[in-house]
Amino acid sequence: MNQEPIIHIKNLHKHFGQTAALNGVDLDIYPGEVVVIIGPSGSGKSTLLRCINRLEEFNAGTVIVDGLPLTTAENINAIRAEVGMVFQSFNLFPHLTVLENVMVAQRVVRKRQRDESLETALELLKKVGIPEKAENYPGQLSGGQQQRVAIARALAMNPKIMLFDEPTSALDPEMIQEVLDVMLQLAREGMTMVVVSHEMGFARAAADRAVLMDEGLIVEEDVPDVLFSNPKAERTKAFLSKILV
Amino acid sequence: MQIRKELEKVPGYEVADHRIDSWWWLVVAVIGIVVLLATLQPDPYWRIMRFVSDGLLITVGVTLIAFVLTLFTGLIAALGRLAQSSFIRWLTTIYVEIARGVPLLVQLLFWYFAFPSLVQAFGRLIQYRPFERYLANPFAMAILGLTFCYAAYMSEIYRAGIQSIPKGQNEAARSLGMSHGQAMRYIILPQAIKVILPPVGNEFISLLKDSSLVSVVAVADMTRRGREFMAANFIPVETWMMIALLYLIMTLISGRVVAWMERKTQTESR
């Protein structure tokens, strides 16, 4: 790939008080790429993801997204509108219906007309497979359905990049696949995705690259098949042996 | 509605609902006592009621105006205490500490007696005639005093309500590109309102009762009118019993309305 990276992370440092979360991470992600980040808990993978849309402030280093450095408040809000995020705990807005959840940011941030945002919302709910729940409140949906609404909500902003922070970790096993299916479809459509997840099946099927993080650093990165079956670093072997039991 | 119908089949649900509603009978009973007293013993009870009725309107007016202002000012103070700028946080915290730390009666006395003198002194200093001749309007100063104090308490209620909303809600809103203000307005505050409605209702009832303190700063509210009636007629027991009953009617009705709103917001949308 000889394009410009859409996400450029250079020497990123972040600490919470005395505890270091990121110790100088370098990572370039190119348009259309799907990158899966794995690693033990506390390795800094979620923190890294949250630094990409500046939900987490960092202490040193550079993050440039879509050509804009994450420094000024204007840039940050502009970037956030271009970068969709899906959370482990869904974080749907419980006081709004499913339809309103998908419409609210279109209306408020993109200043779209009601009709246009309604049309987009219905289309996206169809895409994630739950148009019939449009009038329901999030509390009436299963976890898998809620997470699919959360994906639709993020997509409604027409993002260039989608970030997934352990999107299936809070789900019952039988609901994981329905969410992964939506993510797979997105990957096939060419969406740039950064996914923190231990779903090896998804990584093998959709990811261009898998990245293993530990202690705030990138230990190893490679094509998923190679990284999972033929890891080079001892740390990667140790970690994979634990999760591939 | 569907959920409510389902719930009504559950044994005990109907009973609980009924018990809350039954408190309306207390309101009816107190009103009944007042009506009985006024019709069976028009002298002095009906005479007292007629005498203090204009004061009752003042009490209601002072309370309603001060409450509406408190709702606005309290929200601004709460947002100030949650602001990103440490200077604004510091400023609003000082305000809240002062307003909560000085007795309301002392605050009312300050605004009515001391504040105008300060304005006059300032007017002389800058040679500005309207300030030099400034005279306090009792009604306005009473409302200012009540609002100044109650907005501080109200800001703490708002703040607790805002902080009770999970952090993920704000993160989700911000990750969609919303500004701090947009996230507050469309996502956080609509959810916080449900949480704060009961304590805000209780503040209204407190304010209604504390409005009787404005009687010491030349506002002819119901309490002051009661004192005037007593001074002319020397029947303290009848006068203060009637005043107490009239306050009780207003606070009991307010309490029922708050309970009704609370139930309404809880059954809706979930």
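Here, the structure is the one placed above.
Thresholds, definitions, all that
Residues numbered from 1 in each chain as written. Chains lettered and ligands numbered in written order. Predicted model: local features only at pLDDT ≥ 70, side-chain atom pairs only at ≥ 80, totals over all residues. Heavy atoms only, no water. Helix = DSSP H or I, 4+ residues; strand = E, 2+ residues; numbered from the N terminus. Rg over C-alpha atoms; globule rule 2.2 N^0.38 Å. Contact = heavy atoms within 4.5 Å. Areas by Shrake-Rupley, 256 points an atom, 1.4 Å probe, with all protein chains shown as cover. Buried < 20%, exposed > 50% of the residue type's maximum accessible area, 1.4 Å probe, protein only. Polar contact = N/O pair within 3.5 Å; in protein donor to acceptor, adjacent residues only side chain to side chain. Buried area = accessible area lost by both parts, 1.4 Å probe. Salt bridge = Lys/Arg side-chain N within 4 Å of Asp/Glu carboxyl O. Pairing = 2+ DSSP bridges.

**Student:** Please provide a residue-by-residue account of the overall build of chain A, values included.
**Tutor:** Scanning chain A for helices and strands turns up 9 helices and 10 strands. The C-alpha atoms of chain A give a radius of gyration of 18 Å, which matches the 18 Å a tight globule of 245 residues would have. Counted over contacts in chain A with a minimum sequence separation of 6, partners at least 24 positions apart contribute 66%. Accessible area of chain A: about 10600 Å², with a carbon and sulfur share of 48%.

**Student:** Would you mind going over the side chain of Thr92 of chain B in detail, with residue names and values included?
**Tutor:** Residue and element names in this part refer to chain B. The residue Thr92 is located in helix α5 (residues 86-101) in this model. Overall, Thr92 belongs to the buried group, its relative accessible area being 14%. There is a polar contact of 3.4 Å between the side chain of Thr92 and the backbone nitrogen of Arg81. Not counting residues within four places of it along the chain, the set of residues in contact with Thr92 comprises Ala77, Gly80 and Arg81.

**Student:** Kindly report on the interface of chain A and chain B, identifying the contributing residues and their values.
**Tutor:** Facing the 25 residues of chain A at the interface are 19 residues of chain B. Summed over both sides, the interface between chain A and chain B buries roughly 1800 Å², with carbon and sulfur atoms accounting for 62% of that surface. Of all residues in chain A, Phe93, His95 and Val108 of chain A bury the most surface against chain B, accounting for 28% of the area lost on that side. At the boundary of chain A with chain B, the tally comes to 1 salt bridge. A salt bridge links Glu171 of chain B to Arg50 of chain A, with the shortest nitrogen-to-oxygen separation between them at 2.6 Å. Of all the secondary-structure elements, those providing two or more residues to the side of chain A that touches chain B are α2 (73-82), β6 (83-86), α3 (98-108) and α5 (143-155) of chain A.

**Student:** Describe the pairing of strand β9 (residues 209-214) of chain A, with residues and values.
**Tutor:** Residue and element names in this part refer to chain A. Burial within β9 is extensive, with 6 of its 6 residues counted as buried. Of the two faces of β9, the one holding Arg209, Val211 and Met213 and the one holding Ala210, Leu212 and Asp214 are both buried throughout. In this sheet, β9 lies alongside strand β3 (residues 34-38) in parallel orientation, the contact comprising 4 bridges. Its bridge partner lying in β9, Ile37 is registered against Val211.

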